[in-house]
Amino acid sequence: MRLGRRFTQASIACPWRALLIGATITAAAAPGLFQLELRTDGRTLVPVGAPEIETDREVRRAFDIRDPIAVVLQTDHPQGVFNTDTLRRVGALTEALSELDGVRPFDIASLATELGFRHRAGTLKLRRLLEPLPETATALNELRSDISRIQIYDGILVSSDSKSTAVLLGTPPEANRAELVSKIRRLAAATGAAPETGETVAVLGAPVAEALLGHHILADLGVPEGLLGARAWGDTRGSDAAVTRSFRPGMVPVAVAVMGLVFLLAFRRAVAALLPLIEIGICLVFLFGLMGWLGVPVYLTTSVLPVILAAVGAADEIHIFRRYLDLDPGSTRTDAAHRDLVGVALDEMAPPVINTSITTAVAFLAFAASPLAPVRAFGVFTAIGVLVCMIFSLTVIPALLVLLGPARLARTGRTKASVDPVAPAISAFERLAGFAVRRRLAVFAIAGVILVVTADGVRRLEVQDSWIDGFAADGGFARATRSFDREFLGSHLLRIGVEAEATEVEGKIPSEALDAFDVRLPISHDHPERLEGCWLGLFELPGEAGARANRRGELREWTTWIDRAVEANGQLRLTMPRTGGSARFWPRPAEGDEIGFELSCKPLVVPATLRRIAALESYVSGMSGVGGVLGPARYLETVGFMLRPEAEDSRRLPGTPRDALNRWRNYGAIRGSERLGQLVDTGFSQGLVTVYLEDANYRDTERILREVRSYEQEYLRPHGLRLSFAGDTVVSQALIGAVVTTQVRSLLLSLVGILIVAALLGRSLRHGLYCVVPPAFAVAVNFAVMGWLDIPLGVATSMFAGMTLGVGVDFAIHLLARHRRVASRTGANQGAIATALSVTGPAILIDALAVGLGFGVLVLSRVPANGRLGGLLMASVLGCFVATVFLVPALLTRRAVPAS
């Protein structure tokens, strides 16, 4: 506290030097603003080393997965997309997108790239669906029929109503997503739609959501639309075109203007509105410049930091200026008297200002315990910002008050009420204090009943969030995504990796271990039944007496698959299928010689394994919220159809391992070896099932994951099959769960931290308890209201509680500080309560209005989650104010806070 007084005294004595130091520090930090980066990638909000992210990374690496972007063309043509002009534009758009940097040929899928089951004339090569471009009614109807017969393109490349078609593009991992999406939008607008014919184009997908969310965040911060590439974002149906083209000022300028208006109305002086705005501007420049110099990007979590600091940073000036007006007798006009008056006001207000700033900083620092880097950044830099605002309040503000002089600050008029609009509130707060003192038992009873009732609301709270909730429901992107989810299989992907144990065993057996259709191997296996369908190779060993070479000079070998496997007496007895031939006709070496064997198990060519995967695909496709499923079994059935489209039994799974292996080879020939590698690994031990989700959100996706895990345990694990989850939905699940969990944990840390710091600064545990009661009470009530109104805990809404504790504690600290000062001077506890509330009440009211309305500016955010956060914070600030003016006086009545 002494250090704070020294700062204020030095600033009052040498105001120009204080301003020069502040300006120098700010100027040094300012260039860091140009080093700032924006990171809206969901993976930044997941703990490093989280198992979900590690699994997602492994699956992506194993199958070379890239996040898809869908460019969707919609037409009002009577024949839907099956008209020559639209199909020609599909080809042009596909070609344009294929030329983007980092895009590989097999990363693009559209009607122009995929093969049908018809052959090129005079060859056995399959031709592409748009080869040649259909121009007659007969050819167009044939294309429609072919796509319907193939089946796997329905809901993927063509919508259920045939009014839309999609070009799918894998996002290059090294690409700047905002720039890539901007380029894709420009290409789509230039080549992919003809508005005069009723065609529109939308660009959708998780990478687009991330880029567009970053665009909204920058717009919220007040970055001019011209710098955000409005043309690139505003020309397509998938953008939030209405939002982009209309004027919507940034939240930070609006927050500053709102608080300035509150100060102007409350104090009736332009300087009262000007001084806090100066501090807010200095603090924001310094803080974001510091973030830029330190290489800390702007995350989703820190995007609201300017509004928070704009609201919190100005609170100190409210109490300082309020106290200055209370001390101003309205008659002294000399510079010396004015300087003394500023000194007295700062001398009284420095301790509570320091206390409130430290406790608020500690509350936000609790977020630094999070394992999530963006949450840690939010906590650390908000705390730094609060402390920087405190320092400027104790240095720059006193210097400016002195330099402005008494003429601009002193009261005018004959009475205090004539120039002080809050003067009537003084007596009102005095009466309110009397009521709380006299009816303290009733106050406690009402508060107790409210807390009991809140238990029901808190019990109803649920965790729920989704990517699409980050966009306005009536915005272009949200509408286009919902339309895509209705007409296609779904815009959100859940990747399920299916893995089985691959077996590779080599050895030797004596010739007598080989019978006509049986082989006895001197090895054991925990689950011999899992070997059924695996491959068994037998070969002659060089140097054996009976060894013979074939026509090419190679030793003879014979390969078949295992029809049945049992273990007896430490040996495996393997029975080969009779249709695969018999070892009886294989040249057998002389008795006593040895034969080499090779046991190789490739699970995804084993018919039984493929049937289990098919059952998994069928089970998942029937779940609520799932639009469709594509996996190894579905693709193998489709390959069978494409090889024999006229055969009635062609769309079925392979019946033997040899058939399955041939089917996989045909898949690679039809779709390319790269596409084959995106479905199964080279050892055929891992496969990838892609699940398309409709309107994916945390609650529904959690249910789907839980049910799939249950299915795995019951039907797949007993047969050696294991599942792993990947995709944007899994990352989103981990993100939401991690953020909500860490925010709730931080709430307890904030509460304990505030209690300890407030108790230490107030030199009393009771003082600390009295400080945390109002914000804790407000948080409990807000949680209950959220439960009753079905407002879920999400990434943004889970942040309000910790922020409420940090901000709401200020009211009680100022009230307790004034009560302690008055009580130590008069020794009358109840009189001190009334006096303290009458003196601090108006400032607390102005503080609550300014901070509440400042937070309320968040409702203007282009990100709905931030809007909900703003509404919760407004309600919390109001709750803290009410709890402070009722509960704290009632608590003080029981026993006075120890005098200093």
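First, a word on scope: everything that follows refers to the structure included in this document. What you are looking at is a predicted structure, and each value in this text was computed from that prediction instead of being measured.

**Brief notes about the packing of helix α3 (residues 51-63) against helix α26 (residues 728-762)**
Move 1: Closest axis-to-axis distance for the α3/α26 pair is 9 Å, and the angle between their directions is 165°. One way to sum up the angle between α3 and α26 is to call them roughly antiparallel. In this structure, α3 crosses over α26, and the sense of that crossing is left-handed. Where α3 approaches α26, its residues Glu52, Ile53, Asp56 and Arg60 are matched on the opposing element by Asp728, Val730, Val731 and Ala734.
Move 2: Each residue belonging to the contact of α3 with α26 can be placed in one class, and the counts come to 4 nonpolar, no polar and 4 charged.

**With respect to the packing of α26 against helix α28 (residues 800-826)**
Move 1: Axis separation between α26 and α28 bottoms out at 10 Å; the angle between their running directions is 15°. As far as their axial angle goes, α28 and α26 are roughly parallel. The hand of the α26/α28 crossing is right-handed. Contact with α26, carried on its side by Leu747, Ser750, Leu751, Ile754 and Gly762, involves Ala801, Gly802, Leu805, Gly806, Val809 and Arg820 of α28 and no other residues of that element.
Move 2: Taken together, the residues that form the contact of α26 with α28 break down as 6 nonpolar, 4 polar and 1 charged.

**Quick notes on empty space enclosed by the protein**
Move 1: Counting across every chain of the model gives 10 cavities of 30 Å³ or more.
Move 2: A volume near 300 Å³ is recorded for the second largest cavity.
Move 3: Lining the second largest cavity are 22 residues; nearest its centre among them are Leu213, Leu300, Asp465, Val795 and Ala865.
Move 4: Put simply, the parts of the chain that give the lining of the second largest cavity at least two residues each are α7 (206-220), α26 and α30 (864-894).
Move 5: Taken together, the residues of the lining of the second largest cavity sort by class into 14 nonpolar, 6 polar and 2 charged.

**Notes on the packing of aromatic side chains**
Move 1: In the structure shown here, the tally under the stated rule is 15 aromatic pairs.
Move 2: With a centroid separation of 5.2 Å and 70° between ring planes, the pair formed by phenylalanine 783 and phenylalanine 800 is classed as edge-to-face. With phenylalanine 783 in helix α27 (residues 765-788) and phenylalanine 800 in helix α28, this pair connects stretches of sequence that are 17 residues apart.
Move 3: Since its relative accessible area comes to 13%, phenylalanine 783 is described here as buried.

**Structural notes on the pairing of strand β6 (residues 200-204)**
Move 1: By the criterion of burial, β6 is predominantly enclosed, with 4 of the 5 residues buried.
Move 2: Across 5 bridges, strand β1 (residues 68-74) lies against β6 in antiparallel orientation. The residue of β6 that forms the bridge with valine 72 is alanine 202.

**Focus on the sheet that holds β1**
Where strands meet in a sheet, backbone hydrogen bonds hold them as pairs that are either parallel or antiparallel.
Move 1: If you walk across this open sheet you meet the 4 strands as β2-β5-β1-β6, and the pairing is antiparallel. The sheet terminates laterally at β2 (108-109) and β6, the two strands that pair on one side only.
Move 2: One ladder, built from 2 bridges, connects β2 with strand β5 (residues 164-170); its direction is antiparallel. Paired with isoleucine 108 across the strands is leucine 169, a residue of β5.
Move 3: On the sheet, helix α20 (residues 476-487) packs against β1, β5 and β6 and is oriented at approximately 90° with respect to β6.

Thresholds applied
Residues numbered from 1 in each chain as written. Predicted model: local features only at pLDDT ≥ 70, side-chain atom pairs only at ≥ 80, totals over all residues. Heavy atoms only, no water. Axes fitted to C-alpha atoms, helices over the stretch in contact; angles between N-to-C directions. Helix = DSSP H or I, 4+ residues; strand = E, 2+ residues; numbered from the N terminus. Parallel < 35°, antiparallel > 145°, perpendicular 65-115°, else oblique. Left-handed = near helix turned anticlockwise from the far one by under 90°. Contact = heavy atoms within 4.5 Å. Nonpolar A, V, L, I, M, F, W, Y, C, P; charged D, E, K, R; others polar. 1 Å grid on protein atoms, 1.4 Å probe; cavity = no way out; pocket = protein on both sides within 12 Å on 5 of 7 lines; lining within 4 Å. Points joined across faces, edges and corners; volume = space filled by probe spheres on them. Phe/Tyr/Trp six-rings, centres within 6.5 Å; stacked < 30°, edge-to-face > 60°. Buried < 20%, exposed > 50% of the residue type's maximum accessible area, 1.4 Å probe, protein only. Pairing = 2+ DSSP bridges.

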